[in-house]
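An overview of the molecular structure
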Amino acid sequence: LFLNGGTEGLLAALCLVFMGVMTIAHRGSNNVLREAIDLGRQNAKLVEEMRRTNLYLEDRVAERTRTLHELAHRDQLTGLLNRRGLTVAFDAWVAGEGGHAILLFLDLDHFKQINDGLGHEAGDLVLSEVARRLSQTCGDQAVALARWGGDEFVCLLRPGDGGDERDGDLRETADRLAGRVASACAAPFHIAGAQCQPMASIGVALYPEGGGDLNQLVRRADHAGGEAKRRGRGRFVHYDRTLSVAMQRQVTIFADFEPAMARGEITIAYQPVVD
């Protein structure tokens, strides 16, 4: 346009001015655009860091939740369920699989002598070994294995396959499982350089015949386990109603004895023994 001269030269000058103005204006826009892109990248990086932080925190919270659940439902010494964990497992099993079940209540024999003679650390090793043997012996038939407290354990077992849910078959299956558990506990323990053989007295209760809820079932199996101790320890006894009657009678006598003594209702008579 400059070479053509005339009015076109003026137009060329105006074009140059317009180009300069637009260059200056777009230079500012370019800076704003570059800053916006950089800011977008920084925001994206910040969002990604926040996302990773949130995932890390969620994992920590989930891990802490799992840990708290384990602490609330597991026995820390043996790794078996505790009372609360057993209750949760029993309720879940009843709501899900359900059916007949066998509950074994184990009370270790002569455990106090082990604690007193070899120390509490040796006693803890015995408890851990009993838990391992129970897990190994019960295997897939275990609905739940728990340490009830002290030297007491509970095994909640499913009868298994093959028509074991009839009364006779169920009792035979319970005898077989209780015998296996008793044999496992009777095997010698080698603890702290010494050999001990605590054995276990086992009470057997059947679900639902022996009780409709866990506490009733455990209580009745506990009564049967006490009878096993009275009969010589290291054996298993099935629960029946006569055990509860005898236990209630004993509790009543104990409760009435002291007041009767205080009221002078009991006297002692000496009877000579004559050759």
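All of the points below concern the structure found in this document. Fair warning: this is a prediction, and the values are worked out from it, not measured in the lab. For every chain, the first residue of its written sequence is number 1, and the numbers climb from 1 along that sequence. Per-residue local features are limited, in this predicted model, to residues with pLDDT of at least 70; the limit for side-chain atom pairs, both in listing and counting, is 80 or more; totals at the level of whole chains, interfaces and linings are taken over all residues. Excluding hydrogens and water, the side-chain figures rest on all heavy atoms present in the structure.

What to know about the overall build of the protein chain
The test is simple: Put simply, DSSP H or I for four residues or longer makes a helix, DSSP E for two residues or longer makes a strand, and each gets a number counted from the N terminus. Atoms considered for the radius of gyration are the C-alpha atoms alone. The globule rule reads 2.2 Å times the number of residues to the power 0.38. When a residue's accessible area, from a 1.4 Å probe over protein chains only, is under 20% of the maximum for its type it is buried; when over 50% it is exposed; and in between it is partly exposed. Here a residue-residue contact requires only that any non-hydrogen atoms of the pair lie within 4.5 Å.
Assigned secondary structure in the protein chain consists of seven helices and seven strands. Beginning at the N terminus, the succession of helices and strands in the protein chain can be written as α-α-β-α-α-β-β-α-β-β-β-α-β-α. For the protein chain, whose C-alpha radius of gyration is 39 Å, the value lies well above the compact-globule estimate of 19 Å for 275 residues. The dimensions of the protein chain, computed from C-alpha atoms along their principal axes, are 160 × 50 × 50 Å. Looking at the protein chain residue by residue over its 275 residues, the buried ones come to 32%. Within the protein chain, counting contacts between residues at least 6 apart in sequence, those at least 24 apart form 61% of the total.

Here we look at the pattern of salt bridges
The condition that has to hold: Counted as salt bridges are all cases of a side-chain nitrogen of Lys or Arg within 4 Å of a carboxyl oxygen of Asp or Glu.
Counted according to the given criterion, the structure contains 12 salt bridges. Residues Lys 112 and Asp 116 are paired through a salt bridge, measuring 2.7 Å at the closest nitrogen-oxygen approach. Within this pair, Lys 112 and its partner Asp 116 are both found in helix H3 (residues 111–118), separated by four residues, close to a single helical turn. Both residues of the pair, Lys 112 and Asp 116, belong to the exposed class. Between Glu 227 and Arg 230 there is a salt bridge, with its nearest N and O atoms 3.1 Å apart. Here Arg 230 and Glu 227 lie together in helix H6 (residues 214–230), a separation of three residues that amounts to about one turn. Note on Glu 227: relative accessible area 17%, which makes it buried. A residue is classified by how much of its surface remains accessible, and Arg 230, at 52% relative accessible area, is exposed. Because the salt bridges share partners, they merge into one network encompassing Glu 48, Arg 51 and Arg 52.

Re the nonpolar core
Selection rule: Definition used in this section: a nonpolar core is a set of buried Ala, Val, Leu, Ile, Met, Phe, Trp, Tyr and Cys residues joined via side-chain atoms within 4.5 Å.
Ranked by internal contacts, the top residues of the largest apolar core, which has 32 residues, are Leu 104, Leu 106, Val 126 and Phe 153. With sequence-adjacent residues up to four places away left out, Val 126 is seen in contact with Leu 108, Phe 111, Ile 114, Phe 189, Ile 191, Cys 196 and Pro 198. Counting 19 residues, the second-largest nonpolar core is a separate cluster that includes Leu 86, Phe 90, Ala 144 and Val 218.

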